[in-house]
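Descriptive analysis of the structure
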Amino acid sequence: KEMKREVRQSVLVLFVLVAFFLGLSLANETLPEDVVAMREIMTLLIKVDPAWESSLNWDTSRDPCTSDYSNIECTLESESGFYRITSLAFICHYNTTPTAFPNAMTNLTALQTFYNYNCRFGSFPDLRSMTNLTSFSVALSYPGMPDMNFTIPHFPNNLTLLELSHTGIQYLPIFPPSLVKLSISYDLLSDVSSLFNKTLYPHLQNLNLQHNHLNAMTFPQVSSHPADSVSNIENLIMDNSVFDNVGQNPLLFLSALGNLTTFRCTECTIPSSLPTYLPPRLSTLLLSKCGLIGRLPEQWSQSPLLKYIGLSTNNLIGEIPISWGNLTQLTRLDVDYNQLSGTPPQWIYTNNVSFVGECNPWETAPKWCEFCDICTKKSDYHQSKLWWLMVIPGVLFILVVGVVVYFVIKRKQGVDSNTYENITGTDNM
């Protein structure tokens with residue numbers, strides 16, 4: 001009996017040890033479904049871009065989470081004891097043939113972030129089952145026109161960040177309402193009116209539409225200050241966009257974006273005047289190199305949170321409004337390279353505003369011009385620099401000559417003194 005008891009205890013201890021080490025072994029492995037999916041994805045990438053394999057240390061024969069791969073992040077699941085892939089980044093040199101992304105991607109159910117740069121995947125599987133996916137980015141930055149073979153996939157309802165670039169998108173599908181940040185750049189978008197609907201996108205705060213061909217008629221058209229905001233967007237970037245079919249002022253829609261704090265549309269094609277009203281919360285307005293015409297609106301003084309107004313390189317006329325002196329939070333005003341007239345108002349100095357603007361065509365610069373960044377005619381500005389370049393060497397030359405003359409005189413006085421002493425000594429003898 002004693003021997004049987006010892007055998008049972010030994011077997012039990014052995015079983016516990018095996019289970020323990022087996023558990024440790026499993027904890028150091030990636031979930032089999034994730035391993036299979038990654039091997040299928042890696043095999044495809046090596047085929048479409050041979051240079052990709054040598055640029056990263058990925059190997060289909062190794063465990064993707066325990067092999068210290070580049071551009072892969074994993075997390076250990078406490079419930080299953082397996083590692084799960086949570087972040088993937090694919091960076092290709094350039095593959096010419098659009099390829100469908102493997103359906104095995106949907107097995108990566110723990111994936112949270114997906115980033116693809118320059119890998120031409122023409123289509124992706126339906127991603128709605130990937131409920132942990134919150135960030136999806138595709139950037140096809142190869143030379144030439146945007147890729148016309150890309151098909152926007154279906155996304156899960158909890159996606160918060162979506163970035164698409166050079167994908168050739170012309171028409172917008174319905175994106176998940178959970179989006180907080182959306183960027184569609186270097187594409188062929190025309191109608192983006194749905195993006196300014198807070199019913200469809202109640203959480204959308206950051207929108208980037210730079211380098212698109214936008215139809216001005218599709219934007220919300222507002223003739224006066226609206227009582228309610230049509231969108232919750234706070235930051236809007238539209239640099240280098242072309243506004244087609246300009247039947248109305250395409251900037252009128254700004255006043256309908258009641259939560260907007262930053263609007264940037266530099267080098268846009270907008271042959272229109274400035275909007276009369278601005279959003280009440282706007283703090284940064286950048287509209288340089290847009291071909292804008294007309295005068296600076298007095299009503300902008302009703303946007304008290306303005307800090308930076310950038311309107312350089314346009315065709316604006318008239319004077320800087322006196323009423324803008326009510327913009328007590330304004331720290332920078334850039335109106336360089338326009339056709340403004342009159343004298344810069346005193347409030348620019350009083351409010352200690354950093355001012356960028358030529359005095360040309362202002363005939364006389366204000367006395368406080370020393371507080372501006374540039375407030376002189378371009379010719380006078382360069383002449384003043386040239387004047388200093390001529391004066392400084394002259395002053396240095398005079399100083400050098402003065403020092404030389406001083407030492408020559410001192411030396412002559414020393415020689416005369418020695419001569420006098422020699423003569424006096426000879427007489428005494």
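Here the structure is a predicted model, which means the values were calculated and not measured.

1. Observations concerning the overall build of the chain
On a plain count of helices and strands, the chain comes out with five helices and 20 strands. When each of the 429 residues of the chain is scored for burial, the buried share is 42%. Taking contacts inside the chain between residues at least 6 apart in sequence as the whole, the part at least 24 apart equals 51%. Just so you have it, the chain exposes about 22800 Å², and 56% of that area is on carbon and sulfur atoms.

2. Thoughts on the environment of Leu286
You can see Leu286 is positioned in strand β14 (residues 284–286). For Leu286, a relative accessible area of 17% puts it in the buried group. C-alpha of Leu286 to C-alpha of Glu267: the two residues are 19 residues apart in sequence and 9.8 Å apart in space. Among all residues touching Leu286, those that are not within four sequence positions of it are Phe263, Arg264, Cys265, Thr266, Tyr308 and Gly310.

3. Considering the sheet that holds strand β19 (residues 339–340)
Pairing is parallel in the open sheet, where three strands are placed in the order β15-β17-β19. Two strands lie at the open edges of the sheet, namely β15 (293–295) and β19, each paired on one side alone. Of the pairings in the sheet, the one linking strand β17 (residues 315–318) to β19 comprises two bridges and is parallel in character. Each bridged residue has a counterpart across the sheet, and for Gly318 the counterpart in β19 is Leu340.

4. Looking at the confidence of the model for the chain
Of the residues in the chain, 71% have a pLDDT of 70 or more, and the chain-wide mean is 78. When pLDDT is averaged over each element of the chain, β14 comes out on top at 97 and helix α1 (residues 2–27) at the bottom at 53. Low pLDDT, under 50, characterises residues 18–27; the stretch is placed with five contacts to residues that sit more than four places away or in other chains. Below a pLDDT of 50 lies the segment residues 359–387, which in the model reaches 46 contacts outside its immediate sequence neighbourhood of four places, other chains included.

5. A look at the environment of Leu133
If you trace the backbone, Leu133 turns up in the loop between β5 (121–123) and β6 (135–139). Relative accessible area serves as the criterion here: at 0%, Leu133 is assigned to the buried category. A sequence separation of 25 residues divides Leu133 from Asn158, and the C-alpha atoms of the two residues are 7.2 Å apart. With residues near it in sequence (within four places) discarded, Leu133 still touches Leu111, Gln112, Thr113, Phe114, Leu127, Pro156, Asn158 and Leu159.

6. What about the state of the cysteines?
Across all of its chains, the model carries two disulfides by this definition. The side chain of Cys265 participates in a disulfide bridge whose partner is Cys268; the two sulfur atoms lie 2.0 Å from each other. Taking the sign of the torsion about the S-S bond as the criterion, the disulfide between Cys265 and Cys268, at about -115°, is left-handed. Just as Cys265 is buried, Cys268 falls in that class too.

7. So, the pattern of salt bridges
Applying the stated rule across the entire model yields five salt bridges. As a salt-bridge pair, Asp126 and Arg128 come within 2.5 Å of each other at their nearest N and O atoms. Classification of Asp126 as partly exposed rests on a relative accessible area of 33%. Take Arg128: its relative accessible area is 48%, and that puts it in the partly exposed class. Between Glu163 and Lys181 there is a salt bridge, with the nearest N and O atoms lying 3.9 Å from each other. Taken together, the positions of Glu163 in strand β7 (residues 161–165) and Lys181 in strand β8 (residues 181–185) put the pair 18 residues apart, joining distant regions of the chain. Residue class for Lys181 comes out partly exposed when judged on its relative accessible area of 37%. Several salt bridges share partner residues, and in doing so they unite Asp34, Glu77 and Arg84 into one network.

8. Focus: the pairing of β6
With respect to burial, β6 is a largely interior element, five of its five residues being buried. Residue alternation in β6 divides its side chains into two sets, Ser135, Ser137 and Ala139 and Phe136 and Val138, and both sets are buried. Sheet analysis places strand β4 (residues 113–117) next to β6, joined by five bridges and oriented parallel. Residue pairing for β6: Thr113 is matched across the bridge by Ser135. In this structure, β6 lies alongside β7, joined through five bridges in parallel fashion. By the bridge assignment, Ala139 is partnered in β7 with Ser165.

9. What to know about the nonpolar core
The biggest cluster of nonpolar side chains holds 87 residues, and the ones touching the most others in it are Phe136, Phe263 and Leu333. Counting only elements with at least two residues in this core, the list comes to α2 (32–48), β2 (83–91), β6, β7, β8 and α4 (347–350). If we ignore the near neighbours within four places in the chain, the residues touching Phe136 are Met105, Phe114, Phe124, Leu127, Pro153, Phe155, Leu159, Leu161, Leu162, Glu163 and Leu164.

10. Observations concerning a nonpolar patch on the surface
On the surface, a cluster of nonpolar side chains totalling about 480 Å² of accessible area is made up of Phe397, Ile398, Val401, Val405 and Ile409. In this structure, Val405 sits in helix α5 (residues 378–428).

11. What about the pairing of β4?
In β4, alternate side chains face the same way, and those of Phe114 and Asn116 are buried while those of Thr113, Tyr115 and Tyr117 on the opposite face are not. Two strands pair when backbone bridges link them, and β2 and β4 are joined in this way by five bridges, in the parallel orientation. Residue pairing for β4: Ala89 is matched across the bridge by Tyr115.

12. Comments concerning unusual backbone geometry
For His166, which is not a glycine, the phi torsion comes out positive at approximately 60°. With respect to the helices and strands, the residue His166 is situated in the loop between β7 and β8. Here His211, not a glycine, exhibits a phi torsion of approximately 60°, which is positive. Relative to the elements of secondary structure, His211 occurs in the loop between β9 (206–208) and β10 (213–215). Exposure remark for His211: the relative accessible area of 25% places this residue in the partly exposed category.

How each quantity is defined
Residues numbered from 1 in each chain as written. Predicted model: local features only at pLDDT ≥ 70, side-chain atom pairs only at ≥ 80, totals over all residues. Heavy atoms only, no water. Helix = DSSP H or I, 4+ residues; strand = E, 2+ residues; numbered from the N terminus. Buried < 20%, exposed > 50% of the residue type's maximum accessible area, 1.4 Å probe, protein only. Contact = heavy atoms within 4.5 Å. Areas by Shrake-Rupley, 256 points an atom, 1.4 Å probe, with all protein chains shown as cover. Pairing = 2+ DSSP bridges. pLDDT = per-residue confidence, 0-100. Disulfide = S-S within 2.5 Å. Salt bridge = Lys/Arg side-chain N within 4 Å of Asp/Glu carboxyl O. Core = buried A, V, L, I, M, F, W, Y, C linked by side-chain atoms within 4.5 Å. Patch = residues over 30% accessible without salt bridge, like charges linked within 9 Å, V, L, I, M, F, W, Y side chains within 5 Å.

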